[in-house]
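# Results of the structural survey
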Amino acid sequence: MSHIIPIATPLRKFKGHEKGVPAIAVFPNKRWMVTGSYDDNTLFMWELKTGVVLKKMEGHDNVVQALVVSRDGQLIASGDERGVLIVWHGETGESLTKIEAHSNSISSLDFSPDGTVLATGSYNKMMKLWNTKTWQHEGDPIKCGAYVRCVRYSPSGELLAIATNYNIEIYNSSTRKRVAIFGNTSYNSLLAWTPDGTRLLTGSYNSDHTILEWNTTTWKQVGDPWTGHTGRINAIAIHPAGTLVASASADSHVRLWRLSDRRTIAVFKDLSSMECVTFSVDGNHILSGGGDKMISEWATIAITTARDAYIDGDSSTDEELLTQDINTDGNNHTPYAHRSKACFRPGLIYITIRACFLQILAITTSRIACVNGDLSTAEELLTQDINTNPNNHNSYAYRSFVMARKHDWDHALRDAINSINIEPSLTGYISKGIALCGTGRVPDARAAFDVASMYTNQDSENLHFLLLIKAITLFNADQYDEANLLLKELTTGCPNADTRACRIVEAYLRVQLGLEALDGARHDEAAVHFTAALDCRDSSSKSDIHEIYEDLVVLFGWDLKSLWLTAHQKRCDALLLAGKLQDAVRSYRYMMDSIDETTRAICLEWSNAFTKKCSAPFLIGGDAALAASDFDRAIDLYSAVIDLDSASDVVFAKCSQAKLGNRLWEEALLDAQKATELNPSSHVGYELTYTALHGAQRYDEAIEAFKIMLSKLDDSPDAQIRDLRQQYVCPSEAEDAIQRAVWLKLEYAPLRLLNTFTGILCDRAAQIYAFKTSAEYKELLASTTKHSDLQMDRIKKVVAAYFRCVLLSHRWEETEVLLHDIQDTDVRELKQLGGIAKLQSFCKVACDAGHRWAWMDTCCIDKRSNTELQESVNSMFVWYRHSALTIVYLSDVPSSSEPGALASSVWNKRGWTFQEFVAPKVVLFYQKDWSLYLNDRSSNHKESTAIMKELEDATGIDARALISFRPGMSDARQRLQWASSRVTTLQEDVAYSLFGIFSIHLPVIYGEKKQNALGRLLQEIVARSGDITVLDWIGQPSEFNSCLPAYITSYTTPPRSLPSLFEDQIQKTISSLRENPMVVDLALEHYDRLDNTSAARFANCRLHLPCMTFRVTQVGLSYSTSQETRYEVKADGLCDLLITTQKPIVQFLRTRPTQQTFMLVRPWDRSLLELPDLQDDTESEGDGWMPLSSPSDSSPSHSVVNQEVNDPDSRALRLVVRLGQPFSAFLLARQRGGEYKRVASDRDIIAQVKDAASVPDLMDIKTIEIL
């Protein structure tokens, strides 16, 4: 039976805290623990194996009372007396979040088994639950009515126990319903569930200092209270197996209880109050903390019972218990050490193959000297023993071993013989066999070992060990084959023997052979031997073989402590020397994974040298592969260097660069971050981090990395590196450049646009915001890093692509969606609204085509804003011009229509649709059901020959003009004719819809007369271009000006075609005129005068028209049978005219002759000068009115004209000839103020001079003001 003996000496103490330790927790990885302190308010993270403090965790400003580690070890939670909760990273110890969790001290913490919830209990009488992802409350706090002393989840997580001052409360953790309340004792301060959840232990804080056990099914107390402590119980812990319980008390004791019978089986005594206690994860140790500022480590029950047996002198029981522990956990160093003490107890020759083989030297100072390699001391001590007792045969045998170790073989043999002469024994003949082999007398040595077997008492274990010694001795005598054969036979032929000992011996001998081969430069052979040595190792060999097989150390001086390390290192060296670089690296990695941290520290110098030698060829090959863009090979080679743990920041940077080449963004990012970690002052790692993040489309992070890179360049002490900064732009500069591109793009876009992806109407600010929060913007900003990027078209292209806009051209229906109907609303969700179906279908078609933005005139203009309306009307042509696509919706064209339906659509008759079609470059026609017209699925119906031919026939506009239309003043008369048959709902829109056609910006004044609106448009055309072709019309004059039509329909009739001379006729006339020098001189004079005549202009609705005037000498009434009036008109130099008009131009009275003055004029047209055409191919304004009587450029004799352009006489005479041809004339009537008005405008007036030769005499050139 076990004895209860207080143990006052722990296995070890963890020192570091400045004050007492009230809280402790261990990690599931078995490697670490974390502790909390009183007045220094800190947490320490420890490595259990070495006792080293890994991290001091600061953040609390008061006593840390509660501490818990999540089941997965990823989180640590700690609470202090002020109610502050801090959550820490389980691996790094870095603070993750800090919460003012309670208004009073946090007394207890516990994670749910799944780690998703943290429970906190406080003296503010509440328990709270926290979501471990968001760290927000989960539901309302549970109010307990008394101080909360402890909270604990059941092992399944289904229940949550709360200990308060007055009782124990059990809650369902999911529903928060209380399922039980019991206890009714004061100060229930502690809780602990058994692993199977069938029992709950509670600790009392009051004077009885007991532990109570509760059945978790009935919630009834089980058995009597557990007694033994004499002070308050501060902590309870249950063994992982559920068999033992540890309790810490203010009585300075930790008591270890057996759960099955509730009995104390061990007591651990410290110097001060014990405040916290826990079991190690494997259950082999107890860790406790208290007022002595340290954490004590104690062995659990198996060790304790063995200790009791040892103290009682029961060595057999002691060893048996310790061996059980070793078999349970071969990695636990403590029972090995304790068993070693049992085996080498003074005065005992304890022979056991598993622990110590033969007791070659008793536990004396001489044995210790032998183990430590101090052979001189060992020899001296044994010599003293021999001098003291010359008849002690063991002393001679032992000294023989020492002399053999010193290779003093003759002395060794003498001592062996002396030992046998005094008393034949096993140790004597072993020493003789070893000495004989050393002198080269191998056959005699064999005989000595054979005789030694007689003294083993036929004990198979002793005989086995003897044969091992023989094999080693033969090996040392270069009898390799015989030694190996003996080892093989021992391993296979003795099933009850310690085969591990054979493997250890074989491994050692293999290492010796490997070393010999390595010295002889037989590197491949050496690698084979070292590999064979390592193959001898099994999982149990991780224990301390130096202590287990210490007799081999005594006999032969073997360094078993470093056996495996030597085999590993030498195999790596051999493989590297053999040129097997990859195998050497794999061997190195295997070695590093196999050894512990302590061993790594021991071989650090060798490791650094080895990895440096391995790294060099990898780096050379990696650099070559990277330069050749062989990224896969570069990655493999650089990764090999990294795997060697010898990589610098440069290697990580190069590996990152290679992975970037293979577009392995996330992997490249890890290497780049490692480069920055190793060399935080360098810009290279941040540059690579930026590139990797950019490739991974993590643009915000990429920009931040780029900013850091710039700062590193700015701060570099190297001037050359600082110079690199000049090529880069900071993100703010890139933002400015992008902003400028956005404004340039949006200058040609509607003010309000529908976002087809969201269904929301956006003003300009919202459009820009959407862009700046888009992936496209972030990618562009992250990509614009250099000054050269600012000059490239990419910014413009990205901005243009993002803001591609689809515009709708349609005929307004009776009900349409207006601006106020859709503001701040997703149009896709609207229902039962007139016109909404059209808007929704339009947006869907645009969205399906990949366009984010759409515009429809009914709802995207705030018509209440005069400013916005003005800008919209004046900019509409430009908006359509710059649209990515214009969709024409034909509401009156049913699906599956035949060709010709488009031509008959009302859309073709509307005023606004003229510019909506000719302005855009890409147009698609959709039928009533939103299917493509004629099922034409081409990307642009302007490229469809059939559709464009249909439109040409319907509008009378040449298809080429429809396709390649350019706004401006050229061909103004023809453009007015194209628009003359179109109608608008609002009369002013007849003119407003043409602003874009002529590239004119004018005020929009709804409510003005339509004649005024049209007059302002025509006035602007003349004023800006000087083109008087717009004055060539037939119809009613406008109130705005008599030279302008009242209605645009006046342009429906094309200008009248007048006969003209053929070129040979012109040349003949010129030849006859040349005969009269006076005519030539007059022609030159008038040519110059006409060349310097200014163009027509408007001012205050008055037309200042340069023209050649002909005084009307007579106006006579001619009778007509129709309702029209005819006048016979005579004018100086002109043939008589007959003018017909519906409106009388003068009242004829028999009593009084007419006194009104009339004038026939020919508006001056500069094209008659036949000057060279200096216009380029771009849009231009017209130079004037091209009368139909002028020759065409396609005239057969046009080359003759060109030849005469530089001949002033010919040009002047040609002008005379052309002025002699019939022309369209205006009849002007003088007004009282001296101005004129045009009359008889409803018919063409065709005039002609009487004699071409007299033209120069008739040229009366004036600028006349016309009302």
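Residues numbered from 1 in each chain as written. Predicted model: local features only at pLDDT ≥ 70, side-chain atom pairs only at ≥ 80, totals over all residues. Heavy atoms only, no water.

Moving on, we get to the packing of aromatic side chains. Scanning all chains against the criterion turns up 36 aromatic pairs. Between Phe182 and Trp214 the ring centres are 4.6 Å apart and the planes differ by 45 degrees, which places this aromatic pair in the tilted class. Highlighted residues: Phe182 in strand S18 (residues 178-182) and Trp214 in strand S21 (residues 211-215), separated in sequence by 32 residues. Of the two residues examined, Phe182 and Trp214, each falls in the buried class. Aromatic pair Phe771 and Phe803: ring centres 5.3 Å apart, planes at 55 degrees, arrangement tilted. With Phe771 in helix H27 (residues 764-772) and Phe803 in the loop between helix H30 (794-802) and strand S31 (805-810), this residue pair connects regions lying 32 residues apart in the sequence. For Phe771, a relative accessible area of 1% translates into the label buried. Taking the relative accessible area as the measure of exposure, Phe803 reaches 2% and is therefore buried. (Phe/Tyr/Trp six-rings, centres within 6.5 Å; stacked < 30°, edge-to-face > 60°. Helix = DSSP H or I, 4+ residues; strand = E, 2+ residues; numbered from the N terminus. Buried < 20%, exposed > 50% of the residue type's maximum accessible area, 1.4 Å probe, protein only.)

Okay, the packing of helix H24 (residues 699-715) against helix H28 (residues 775-783) next. The relative placement of two packed helices comes down to the angle between their axes together with the axis-to-axis distance. Closest axis-to-axis distance for the H24/H28 pair is 9 Å, and the angle between their directions is 20 degrees. Judged by the angle between their axes, H24 and H28 are roughly parallel. Taken as a pair, H24 and H28 cross one another with a handedness that is left-handed. From H24, Tyr699, Asp700 and Ile703 reach across to H28, where they touch Ala775, Lys778, Glu779, Leu781 and Ala782. When grouped by side-chain class, the residues that make up the contact of H24 with H28 number five nonpolar, no polar and three charged. (Axes fitted to C-alpha atoms, helices over the stretch in contact; angles between N-to-C directions. Parallel < 35°, antiparallel > 145°, perpendicular 65-115°, else oblique. Left-handed = near helix turned anticlockwise from the far one by under 90°. Contact = heavy atoms within 4.5 Å. Nonpolar A, V, L, I, M, F, W, Y, C, P; charged D, E, K, R; others polar.)

Below, the discussion takes up the nonpolar core. With 243 residues, the main nonpolar core has Leu839, Trp855, Phe925 and Phe998 as its most contacted residues. The biggest single contributor to this core is helix H12 (residues 499-519), with 11 residues. Counting 43 residues, the second-largest nonpolar core is a separate cluster that includes Val1115, Leu1168, Leu1213 and Ala1240. (Core = buried A, V, L, I, M, F, W, Y, C linked by side-chain atoms within 4.5 Å.)

Residues spaced three or four apart along an α-helix point in a common direction, a consequence of the helix completing one turn every 3.6 residues. Between the first and last C-alpha of helix H22 (residues 665-678) there are 20 Å, a value that for 14 residues agrees with the 20 Å anticipated at 1.5 Å per step. By the burial criterion, the buried members of H22 are Ala668, Leu669, Asp671, Ala672, Ala675 and Thr676. Residues of H22 that are buried make contact with helix H20 (631-643), helix H21 (649-661) and helix H23 (684-695). (Expected span 1.5 Å × (residues − 1).)

Right, let's get into the sheet that holds strand S5 (residues 42-47). Across a sheet, strands are paired by hydrogen bonds formed along the backbone, either parallel or antiparallel in direction. Strands sit in the order S3-S4-S5-S6 across an open sheet of four strands; the sheet is antiparallel. Each having just a single partner strand, strand S3 (23-26) and strand S6 (53-58) make up the two edges of the open sheet. When the angles between neighbouring strand axes are averaged without regard to direction, this sheet yields 15 degrees. Of the strand pairs in this sheet, S3 and strand S4 (residues 32-36) are connected by four bridges, and their pairing is antiparallel. Within S4, the residue paired with Val26 across the bridge is Met33. (Pairing = 2+ DSSP bridges.)

Moving on, we get to the pattern of salt bridges. As enumerated under the stated definition, the model contains 51 salt bridges in all. Between Arg441 and Asp444 there is a salt bridge, and its shortest N-O distance comes to 3.1 Å. Accessibility expressed as a relative area gives 40% for Arg441, which makes it partly exposed. Notably, a salt bridge pairs Lys674 with Glu677, separated by 3.5 Å at the nearest N-O pair. In this pair, Lys674 and Glu677 are both assigned in helix H22, three residues apart and thus about one turn of the helix distant. By relative accessible area, which is 29% here, Lys674 ends up partly exposed. Connected through shared salt-bridge partners, Arg752, Asp862, Arg864 and Glu868 make up one network. (Salt bridge = Lys/Arg side-chain N within 4 Å of Asp/Glu carboxyl O.)

One open sheet holds the four strands; their spatial order is S2-S28-S27-S26, and the pairing between them is antiparallel. Two strands bound the open sheet, and with one partner strand each, they are strand S2 (12-14) and strand S26 (274-279). The mean angle between the axes of side-by-side strands here comes to 25 degrees, regardless of whether they run parallel or antiparallel. As paired elements, S2 and strand S28 (residues 295-299) share three bridges and run antiparallel to each other.

With that out of the way, let us pick up the packing of H21 against H22. In the contact formed by H21 and H22, the axes pass within 8 Å of each other and the chain directions differ by 160 degrees. Relative to H22, the element H21 lies roughly antiparallel. Crossing angle aside, the handedness with which H21 passes H22 is left-handed. For the pair H21 and H22, the contacting residues are Asp649, Phe652, Ala653, Cys655, Ser656, Lys659 and Leu660 in the first and Trp665, Glu667, Ala668, Asp671, Ala672, Lys674, Ala675 and Leu678 in the second. Classifying every residue of the contact of H21 with H22 by side-chain character gives nine nonpolar, one polar and five charged.

Turning our eyes to something else, we now look at the environment of Ser993. Relative to the assigned elements, Ser993 resides in the loop between helix H38 (989-992) and helix H39 (1010-1025). Looking at Ser993, the relative accessible area reads 2%, which means it is buried. For the pair Ser993 and Val873, spaced 120 residues apart in the sequence, the C-alpha separation amounts to 7.7 Å. Setting aside chain neighbours within four positions, we find Ser993 in contact with Gly911, Trp912 and Gln915. Here the side chain of Ser993 touches Asp989 through a polar contact of 2.8 Å, landing on its backbone oxygen. (Polar contact = N/O pair within 3.5 Å; in protein donor to acceptor, adjacent residues only side chain to side chain.)

What follows deals with unusual backbone geometry. The phi torsion at Ser252 lies on the positive side, around 70 degrees, for a residue other than glycine. Tracing the backbone through its elements, the reader meets Ser252 in the loop between strand S23 (244-249) and strand S24 (253-258).

Among the secondary structure elements, Thr984 is positioned in the loop between helix H37 (972-979) and H38. We classify Thr984 as buried; its relative accessible area is 17%. Polar side-chain contacts of Thr984 include one of 2.7 Å to the backbone oxygen of Leu986. There is a polar contact of 3.5 Å between the side chain of Thr984 and the backbone nitrogen of Val990. Residues contacting Thr984, with those up to four places away along its chain left out, are Arg910, Gly911, Asp989 and Val990.

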